[in-house]
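# Commentary on secondary and tertiary structure
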Amino acid sequence: MPSALIKGASVDLAGKVAIVTGGGRGLGFAYAQALAGAGAAVVVNDVDGDAAKAAAASIVASGGLAIPHVAPVGDADVADGLVGTAVDEFGRLDVMVANAGILRDRVLWKMTDEDFDDVVRVHLRGTFTCARAAAIRFREQGDGGRLILAGSPAGQRGNFGQTNYAACKAGITAMARTWALELAKSGVTVNCIVPTAATEMTRTIPAFAPYVEALEQRGQPLPAWLRKGEAFGTPGDVAGLVVFLASDAAAGVTGQTIGLGGDRLALWSYPSEVATAYTDGGWDADAIAAVYPMSVGREPQTYGIPAPAAPVAS
Ligand SMILES: NC(=O)c1ccc[n+]([C@@H]2O[C@H](COP(=O)([O-])OP(=O)(O)OC[C@H]3O[C@@H](n4cnc5c(N)ncnc54)[C@H](O)[C@@H]3O)[C@@H](O)[C@H]2O)c1
C-alpha cells in the first residue's frame, strides 16, 4: 500500500469492506484514508457530493480501494442503500463507521424545533439507521462485524449551547452499550469513540483557532498543552483508533467509549452510582432534604467541558 495512505497502520484489513458516513472531509475522510491504507475497501458516504467524490478519488489515486456514496444519512432508505452499495460493489460489509455530523448550536431558550430535529436526524437517527442496516447484514453474513460510533465530550459532560448535540452524543454512547449486549452473540463489536481534532466543526473554537491557523498556514505543530492537555490534534491523529477497532486485534473490545485526540488516548468511565443512602420504608421529600447535603449530595458531580487552559508564558 502506498505510504500516503498509511497512517500508523500495520494492521491488515485486506479483504474487509468498510463504510464511513460523512467521509468527505474532516475526521471521516481521515478514517476512510486510514482504513483504505490498512487494506480495506471503503464506501465514502457524504451529503456533500463533491467532497465524497474527491475523497474517494484521492484514496484511489493513492492506490486504495474506495467509491463515493452521496446521500444524507438519517432515514432508513439511505442507510439501507448505503449497505446495499457496499455489498453490490465490494461483496460484503465488515465495518460501519457512523461518523456524519452537523452542529446547530444555540442556548436552550433560542433553540428552534428545527435546530433540534436536524441534529437528531443526522446524529441519533442516522447512527441508528446505519447501525441497524449494518447489523442486519452482519447477522446474515454470520461472521461478525464492527460498529464504530461517534460520540463527543459534549455527550459525556454536557456543553454550553449544545442541547441537541449533547443529547444525541449521550444517546449514541448509550446505544453503543445496548448494541454491544445485543450483538455479542453475533460476534459484532460496538464501540463509541470520542474524537477531538481540528476540523471545520472545531477550527473556530476561540482558544484553538490561532494554533489551527498556524498549523495549516505555516505547518507549525500544535503545542503540547493542546495535543496532550486538551487532547486536540489533527483528524489523522484519531484515525488509528478506528483502524484498531476495525481490526482483529480489537475482537475482544466492545461496549467501550474510547477517546483519542492529539497525543491522548483515553477510556471514558460509564456513569455509575458514586454515593448511596438507605432508609427503611423509602424516602419522602422531607427525609431527602434532611440528609441530602451531608449524604449523597456531599460531593456533587461536575458538569460541562472544562475551559481550555493555555499555559501562562513565563
Ligand atoms: N472535530 C472534533 O473535535 C469532534 C469532537 C467530537 C465529536 N466529533 C464528531 O466527529 C464526527 C465528524 O466531525 P468532524 O469534526 O469531522 O466534522 P466536519 O464538519 O468536518 O465533517 C462532517 C462531515 O459530515 C458530512 N455530513 C453532514 N451531514 C451529513 C449527512 N446527513 N449525511 C452524510 N454526511 C453528512 C459533512 O458534509 C462533512 O463532510 C461528527 O459526528 C462529530 O460530531 C468531532
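Up top is the structure.
These numbers were taken from a predicted model, which means no experiment stands behind them.

## Quick word on unusual backbone geometry
If you check the backbone angles, Ala231 has positive phi at about 55° while not being a glycine. With respect to the helices, strands and loops of the structure, Ala231 is situated in the loop between helix 8 (224–229) and helix 9 (235–246).

## Brief notes about the packing of helix 3 (residues 76–90) against helix 4 (residues 113–141)
For the pair helix 3 and helix 4, interaxial distance at closest approach is 8 Å and the crossing angle is 40°. Regarding the angle of helix 3 to helix 4, the classification is oblique. Pair helix 3 / helix 4 crosses with right-handed handedness. Contacts between helix 3 and helix 4 pair Ala76, Ala79, Asp80, Leu82, Val83 and Val87 from the former with Thr129, Cys130, Arg132, Ala133, Ala134 and Arg137 from the latter. Looking at the contact of helix 3 with helix 4 residue by residue, the classes come out as eight nonpolar, one polar and three charged.

## Focus: the site of the ligand
The immediate surroundings of the ligand are formed by 29 residues, with Arg25, Asp46, Asn99, Tyr165 and Thr199 found nearest. Residue Val73 places a main-chain N or O atom 2.8 Å away from a nitrogen atom belonging to the ligand. Between the ligand and the protein, one listed contact pairs an oxygen atom with a side-chain N or O atom of Tyr165 at 2.5 Å. Look at the ligand: alone it shows 830 Å² of surface, and the protein chains cover 95% of it. Counting only elements with at least two residues in the shell around the ligand, the list comes to helix 1 (26–37), strand 2 (41–46), helix 4 and helix 6 (163–183). Of the residues in the shell around the ligand, the class split is 14 nonpolar, 11 polar and four charged.

## Here's the deal with the packing of helix 1 against helix 2 (residues 49–61)
Between helix 1 and helix 2, the shortest axis-to-axis distance is 10 Å and the interhelical angle comes to 25°. Our classification of the angle between helix 1 and helix 2 gives roughly parallel. Every pair of crossing elements has a handedness; the one defined by helix 1 and helix 2 is right-handed. Contacts between helix 1 and helix 2 involve Phe29, Ala32, Gln33 and Ala36 on the former and, on the latter, Ala55, Ser58 and Ile59.

## Overview of the layout of surface pockets
The calculated volume of the second largest pocket comes to roughly 400 Å³. Lining the second largest pocket are 14 residues, with Gln156, Ser269, Tyr270, Pro271 and Gln301 sitting closest to its centre. Of all the elements in the fold, those that place two or more residues in the lining of the second largest pocket are helix 5 (153–157) and helix 6. Of the residues belonging to the lining of the second largest pocket, the class tally is five nonpolar, seven polar and two charged.

What counts as what
Residues numbered from 1 in each chain as written. Predicted model: local features only at pLDDT ≥ 70, side-chain atom pairs only at ≥ 80, totals over all residues. Heavy atoms only, no water. Helix = DSSP H or I, 4+ residues; strand = E, 2+ residues; numbered from the N terminus. Axes fitted to C-alpha atoms, helices over the stretch in contact; angles between N-to-C directions. Parallel < 35°, antiparallel > 145°, perpendicular 65-115°, else oblique. Left-handed = near helix turned anticlockwise from the far one by under 90°. Contact = heavy atoms within 4.5 Å. Nonpolar A, V, L, I, M, F, W, Y, C, P; charged D, E, K, R; others polar. Near = heavy atom within 4 Å. Polar contact = N/O pair within 3.5 Å; in protein donor to acceptor, adjacent residues only side chain to side chain. Areas by Shrake-Rupley, 256 points an atom, 1.4 Å probe, with all protein chains shown as cover. 1 Å grid on protein atoms, 1.4 Å probe; cavity = no way out; pocket = protein on both sides within 12 Å on 5 of 7 lines; lining within 4 Å. Points joined across faces, edges and corners; volume = space filled by probe spheres on them.

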